[in-house]
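# Observations on chain architecture
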Amino acid sequence: MMREEHGNVAPALISKGEDVGEIRVDIPYQLITILETIYSWVPKGKIAVITRRCDEKALAELTKRNYIDEKRIIKIGLACSKEQIAKCRCSDPVPSKVDIGEPNEPVPKDDLSERLAKLSPEERLKFWVKQFRKCNKCFACTHNCPVCFCDDCVLEERTFVPEQSIPPGLSFHMIRSYHMIDKCIECGECERSCPAEIPLLTLRKMLAKDMKEVYGYVPGDPKAVSPLNTTLEGETLEDECDEC
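Residues numbered from 1 in each chain as written. Predicted model: local features only at pLDDT ≥ 70, side-chain atom pairs only at ≥ 80, totals over all residues. Heavy atoms only, no water.

To continue, consider the nonpolar core. Leu 35, Ile 68, Ile 73 and Val 147 are the most contacted members of the largest nonpolar core, which totals 24 residues. When residues of this core are traced back to their parent elements, those giving at least two are helix H1 (31–39), strand S4 (47–51) and helix H2 (53–64). Ignoring sequence-local partners within four residues, the contact set of Val 147 consists of Ala 58, Glu 61, Met 180, Lys 183, Cys 184 and Ile 185. Core analysis: the second largest hydrophobic core is formed by 22 residues, Phe 139, Cys 153, Ile 181 and Ile 198 among them. (Core = buried A, V, L, I, M, F, W, Y, C linked by side-chain atoms within 4.5 Å. Buried < 20%, exposed > 50% of the residue type's maximum accessible area, 1.4 Å probe, protein only. Helix = DSSP H or I, 4+ residues; strand = E, 2+ residues; numbered from the N terminus. Contact = heavy atoms within 4.5 Å.)

For the structure shown, the criterion picks out four aromatic pairs. Where Phe 127 meets Trp 128, the ring centres are 5.0 Å apart and the plane angle is 85°; that geometry is what we call edge-to-face. Of the residues examined, Trp 128 reaches a relative accessible area of 9% and is grouped as buried. Measuring from ring centre to ring centre gives 5.6 Å for Phe 139 and Phe 172, while their planes differ by 70°; the resulting arrangement is edge-to-face. Residue Phe 139 is found in the loop between helix H5 (121–132) and helix H6 (140–143), and its partner Phe 172 is found in helix H7 (residues 170–180); the two are separated by 33 residues along the sequence. Neither residue differs from the other here; Phe 139 and Phe 172 are each classed as buried. Three or more aromatic residues link up through ring pairs in this structure, and these residues are Phe 127, Trp 128 and Phe 132. (Phe/Tyr/Trp six-rings, centres within 6.5 Å; stacked < 30°, edge-to-face > 60°.)

Time to look at the sheet that holds strand S1 (residues 2–5). Read across the open sheet, the three strands follow the order S2-S1-S3; overall the sheet is antiparallel. The strands lining the two open edges of the sheet, one partner per strand, are strand S2 (8–11) and strand S3 (22–24). Strand-to-strand twist across the sheet, computed as the mean angle between neighbouring axes with direction ignored, equals 40°. Across three bridges, S1 lies against S3 in antiparallel orientation. Bridge assignment links Met 2 to a residue of S3, and that residue is Arg 24. (Pairing = 2+ DSSP bridges. Axes fitted to C-alpha atoms, helices over the stretch in contact; angles between N-to-C directions.)

Relative to the helices and strands, Glu 61 is located in helix H2. With relative accessibility at 0%, the residue Glu 61 sits in the buried group. Excluding anything up to four places from it in sequence, Glu 61 contacts Val 147, Asp 182, Lys 183, Ile 185, Tyr 217, Pro 219, Gly 220 and Asp 221.

Right, here's the structure in full:
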């Protein structure tokens, strides 16, 4: 959870029976990313964490890949405010159980996605190339992503991303897009973290739409198996690579 202390607001880890203090629920980033960090340091017992709908989906992706045992997690459902929903252009904002806040209506569409969808493929490519030229390769989009959990990132290797200059070439963004297409839960953390203000959430939403239309797959469903983790015969791969 988030707690205000001495005029500052920061994530707080509270033990059972401890005074929780001044709780803040206007959480500006994904607590699941912090849960991933502390999980291995709390090997026993249960961990309660405030979860918005996108946090629930992130937990589902981590659980499916055996990064987290969901039986150890107690979810405290937080309904997002209207302002948060508008900022994320979120179409699925209400957690399965609401413990804090009041459910609000979703935002049915992303305006930029709608405009880009009306362009030709050549015009869309020109738009994204212009956006990617603003990238300074700071890796904020990967470091703050709750479902970017690989031990080793190929985006940092020259084998797959040979360009050393800034901005990186298209391969950098293509590889990341491919890697995220079956995991992205559209929390918008990549876009909020980007100092160049590249509309990464819009890119993720457009790719998610394609994934749903082509494969019928939606990330964040605990029972759905990724088509990228399935053989051509429809069999689930036993081990997923821990490198992206």
